[in-house]
Structures are given as C-alpha cells and as structure tokens.
Amino acid sequence: QPSTANINDVTKWQFFAGLSGTNATWSSSLGDAKPIAWWDNHMGCVTMTYNAPLKKYFMCVIEGRYTGESMDTYIMESDKLWGPFKMVKYMARFGEQAYFATIPSKFISDDGKTMWLSYSANFWGWGSEPGSPRVQPEGSTYAWCLTEFTVNK
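Student: Describe the overall build of the chain, listing the residues and the values that go with them.
Tutor: Each helix and strand in the chain was counted, giving 0 helices and 9 strands. Taken from N to C terminus, the helices and strands of the chain fall in the order β-β-β-β-β-β-β-β-β. Counting across all 153 residues of the chain, residues that qualify as buried make up 35%. Contacts spanning at least 24 positions in sequence make up 44% of the contacts within the chain whose residues lie at least 6 apart. When the accessible surface of the chain is summed, it comes to about 9,300 Å², and 55% of that surface belongs to carbon and sulfur atoms.

Set out below in structure tokens:
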C-alpha cells in the first residue's frame, strides 16, 4: 500500500512487469521491471502527470542527449499509467536546450484542457538573449520557464 511510511522501504514497492492482455502485471522484484514506454535513443528525462478532469496521464520527455547539444521535447498521453501512449506534440530543438519538462498538476485548468509546461532551458547559455533565433519558444532561458498550452479533447 503506497504511503509516506513505505516510500523508503523497497520491500513495499511494486514494479511494472509488463502486460497480460491490456492489464498491467506487477512484481515486488526489480528484476522483473519492464519499461512502460520505449523509443530507443529518444527517451531521457521523463516526467508524468495525471490530468484528473481528462482522466489521462501526460508524459513529458526530453531526448537523452549530451547536455551540450540541442534537445527535442515531446508530450505523450495515455488512459493508463502503463500505456499505450500516443504522441500529443513533438517539439524539435525546444528551448533550445529544455530540460526537466513537467506539467504541474496545480497548473491544470478545471476542465483539464489548459495546462502549463514547466521547464528550464539553454543550460549552455546558447542564444539566451531575447530575440535570439535559438530561443524557442520565446521566453525560454536558463531559469524556471512556463508555457501555457491547450489540448482539444
């Protein structure tokens, strides 16, 4: 049972161990763990937020590249924590170096259609001055950045 008392006790953990049909299977053994999503060489930092009004899980992914390179960011959604996931938006060279993208649940509208993407960008300081063509979207910088977006549901 999930609780603050159990968070540091690995014997209380359950790991996703794959699917049986469309149902998730769980195991107490880390050795049985399986990924819920896989895209070879395209998944680095991953966060997930449950959007209660839409009853959907939104996964934000930053491609796992060397920090000194531009990185792509994408958002996927699923009805279940374990997928299957479908692409919502793929943003090439987002930030241009966005990292740790997440959708804070506190920043989701009452109808679930409007959300805020939280991230930081331009770790290496590339073109971080306003108006630089490397700053996409406008306002991305080496600080806490917020970008509002909507989904059509």
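Student: An account of the nonpolar core is requested, with residue identities and associated values reported.
Tutor: Core analysis: the biggest nonpolar cluster contains 19 residues, and Phe58, Ile75, Ile103, Met115, Leu117, Tyr119 and Phe149 have the highest contact counts within it. Looking at this core, the elements that each hand over two or more residues are strand S4 (56-62), strand S8 (114-120) and strand S9 (145-150). Those residues in contact with Met115 that sit more than four places away from it in its chain are Asn51, Phe58, Ile103, Phe107, Ile108, Thr147, Glu148, Phe149 and Val151. In terms of nonpolar packing, the next biggest core, distinct from the first, is built from 5 residues, Met59, Val61, Tyr74 and Phe85 among them.

Student: Requested: an account of the environment of Phe94, with residues and values cited.
Tutor: Structurally, Phe94 can be placed in the loop between strand S6 (86-91) and strand S7 (99-102). Spatially, the C-alpha atom of Phe94 lies 8.8 Å from that of Ser140, the residues being 46 residues apart in sequence. Apart from the residues lying within four places of it in its own chain, the contact partners of Phe94 are Met71, Thr73, Leu117, Tyr119, Gln136 and Pro137.

Rules and cut-offs
Residues numbered from 1 in each chain as written. Predicted model: local features only at pLDDT ≥ 70, side-chain atom pairs only at ≥ 80, totals over all residues. Heavy atoms only, no water. Helix = DSSP H or I, 4+ residues; strand = E, 2+ residues; numbered from the N terminus. Buried < 20%, exposed > 50% of the residue type's maximum accessible area, 1.4 Å probe, protein only. Contact = heavy atoms within 4.5 Å. Areas by Shrake-Rupley, 256 points an atom, 1.4 Å probe, with all protein chains shown as cover. Core = buried A, V, L, I, M, F, W, Y, C linked by side-chain atoms within 4.5 Å.

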